[in-house]
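Residue-level structure breakdown
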Amino acid sequence: MESKSTLPDWASKPCIMGIDEAGRGPVLGPMVYGCLYCERSYEKTLSTLNFADSKTLKEEKRENLFENLKANELLGWAVDVIDPRELSAKMLKKIKINLNEISHDSASGLVTRVLNMGVFLTEVYVDTVGDPEKYRIKLSERFPSIKFVVAKKADSLYPVVSGASIVAKVTRDRALRDWVLDETAENMTRNFGSGYPGDPETKAWLQQHQHSVFGFPTLVRFSWGTCTAYSKNMVEVVWESDKTEEDGSSSSSGKRQLKLSSFGVTTSKRKNEEEIESSGKSRCKFFQARKLEQLANF
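Residues numbered from 1 in each chain as written. Predicted model: local features only at pLDDT ≥ 70, side-chain atom pairs only at ≥ 80, totals over all residues. Heavy atoms only, no water.

Some words on the overall build of the protein chain
In terms of helices and strands, the protein chain carries 12 helices and five strands. Looking at the 298 residues of the protein chain, the share that counts as buried comes to 42%. Contacts in the protein chain between residues at least 24 apart in sequence constitute 67% of all its contacts with a sequence separation of at least 6. As displayed, the protein chain has an accessible area near 16,800 Å², and 51% of this comes from carbon and sulfur atoms. (Helix = DSSP H or I, 4+ residues; strand = E, 2+ residues; numbered from the N terminus. Buried < 20%, exposed > 50% of the residue type's maximum accessible area, 1.4 Å probe, protein only. Contact = heavy atoms within 4.5 Å. Areas by Shrake-Rupley, 256 points an atom, 1.4 Å probe, with all protein chains shown as cover.)

Written out as C-alpha cells, the structure is:
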C-alpha cells in the first residue's frame, strides 16, 4: 500500500523518512510497519501537524490525523502488513526467524520500496528493535548512502516517526476491525478484546475458539507462548507410514493413535459415502469453509 501513484516533484529533492511499528506484542492479528516521508525542508512543518506517539492518542484522534496526512500532498507513506500466519510460520520453522529479524526485514523492505519508487532518501529515523547502535550499523551497511538515526522512543522524539506510528497503528486497527473470521460457519465471535496476552477478554476468546485438531483461527499468532497453555487440550495425531500399514504392524511408541474421522476429517471413502462426501456434509467446518476436497490419487 503506497500513498502516491505518481512521484511528486518534491520527492526528487533530499527527503527524510520515519519508520515505526504497531502490534508487536499482541497474540492476535498482524504486525504492521509503517513509514512516513517528506522533503527535508518540510521537517519543521511536521512539528505543527500534532503528530504524536500513536499509543498516547485516542482512536478518533489517530483516525483524523491519518486522514489528514493522506490528504497532504507534501507527505508520502507506505505500510507492510505482516499476517499472523506468516509471523508464526517464520518463528516455528526449522531455521527459526525471530521477531526482531522479522521487524528488521520489514523496516528494510520499506526503505527499499520507497527508494525504488524514486524518492531521494537521505535520512531515515527508526524506532529501535533491540540494541539501537547495532541496528543502526545493520541498516547503514545495507543502505550506505542514507544517514540512519535509530533510537528508543523515537516515536515521541521525532515528528516524522510519530507520523509513521499513526500510519502503522491505524492500519492495524482497521485490519483487526475488518478481519473476516471464516474458519467456521457458526459460533465465532469478535469479542477478542485488545488482543494482548494479558487481556482477560483475549484469553477467554482463545479458550473458546480453539479446535482440538486444527488449533486456532488464522487471526491467532499460534507461536506465541500464550497459546502454549492451551496445547494440553489439543488432540495428539500420530501419522503411520505407508510401510507400517502394508505390513499390518502397529506403532511401537505406545502412544494412543486417534482416528481423524472422529473429528469430521475424512481419511477414507467408501462407495456408499460418495453422495455425502460430494455434498460436504459430516465434514469438518475447516474443510467446508475452504471448499477443500479429498485427493485420492497423487
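Focus on the packing of aromatic side chains
Evaluated as defined, the whole model comprises five aromatic pairs. Consider the rings of W10 and Y37, whose centres lie 6.1 Å apart with planes at 50 degrees: the pair is tilted. Of this pair, W10 sits in the segment before β1 (15–22) while Y37 is found in strand β2 (residues 31–39), placing the two residues 27 residues apart along the sequence. By relative accessible area, which is 2% here, Y37 ends up buried. (Phe/Tyr/Trp six-rings, centres within 6.5 Å; stacked < 30°, edge-to-face > 60°.)

Topic: the UniProt feature "binding site: a divalent metal cation" (unreviewed entry) in the protein chain
UniProt's feature table lists "binding site: a divalent metal cation" (unreviewed entry) at D20, E21 and D127, given in the numbering used throughout. Spatial clustering of the annotated residues is evident: they stretch over 108 residues in sequence, but the largest pairwise C-alpha distance comes to 8.1 Å. Inspection of the secondary structure assignment puts D20 in strand β1. For D20, a relative accessible area of 2% puts it in the buried group. With near-sequence residues (within four places) excluded, D20 lies in contact with V32, Y33, G34, D127, D155, V161, A164, S165 and A168. (UniProt positions renumbered as here; feature names shortened; annotations may be inferred.)

Some details on the pairing of strand β4 (residues 121–127)
For β4, the buried fraction is high: seven of the seven residues fall into the buried class. Relative to β4, β1 runs parallel, the two being bridged by five bridges. Directly across from C15, in β4, lies its bridge partner L121. Relative to strand β5 (residues 147–151), β4 is paired through five bridges, and the arrangement is parallel. Directly across from D127, in β5, lies its bridge partner A151. Handedness of the crossover is the feature at issue here: the chain leaves β4, passes through helix α5 (residues 132–142), returns alongside β5, and the resulting connection is right-handed. (Pairing = 2+ DSSP bridges. Right-handed = clockwise from strand over helix to strand, strands pointing away.)

Examining helix α4 (residues 99–116)
With 18 residues, α4 ought to run about 26 Å at 1.5 Å a step, and its terminal C-alpha atoms sit 25 Å apart, in line with that. Taken as a whole, α4 has its buried residues at L99, I102, S103, H104, S106, A107, S108, L110, V111 and V114. Following α4 by one or two positions, G118 adopts a phi angle in the positive range, close to 105 degrees. (Expected span 1.5 Å × (residues − 1).)

Focus on the nonpolar core
Formed by 44 residues in total, the largest nonpolar core has its most connected members in M17, I19 and L121. Every element with two or more residues in this core is listed here: β1, β2, β3 (76–82), α4, β4, α5, β5 and α8 (200–208). When near neighbours in sequence (up to four residues on either side) are disregarded, I19 contacts Y33, G34, C35, A107, L110, V111, V124, Y125, V126, D127, V161 and A164. By size, the runner-up hydrophobic cluster in this structure holds 26 residues, among which are V32, C38, L69 and L75. (Core = buried A, V, L, I, M, F, W, Y, C linked by side-chain atoms within 4.5 Å.)

Comments concerning the sheet that holds β5
Taking strand neighbours across the sheet as the criterion, the five strands line up as β3-β2-β1-β4-β5 in an open arrangement whose pairing is mixed. Taken across any chain shown, the strands that pair with only one partner, and hence form the sheet edges, are β3 and β5. Averaged over all pairs of adjacent strands, the angle between strand axes in this sheet comes to 15 degrees, irrespective of strand direction. (Axes fitted to C-alpha atoms, helices over the stretch in contact; angles between N-to-C directions.)

A look at the environment of D131
Here D131 is to be found in the loop between β4 and α5. With 21 residues separating them in the primary sequence, D131 and K152 have C-alpha atoms 9.0 Å apart. A polar atom in the side chain of D131 sits 3.1 Å from the backbone nitrogen of E133. (Polar contact = N/O pair within 3.5 Å; in protein donor to acceptor, adjacent residues only side chain to side chain.)

Overview of the side chain of S88
By the secondary structure assignment, S88 is in helix α3 (residues 84–92). By relative accessible area, S88 is classed as buried at 0%.

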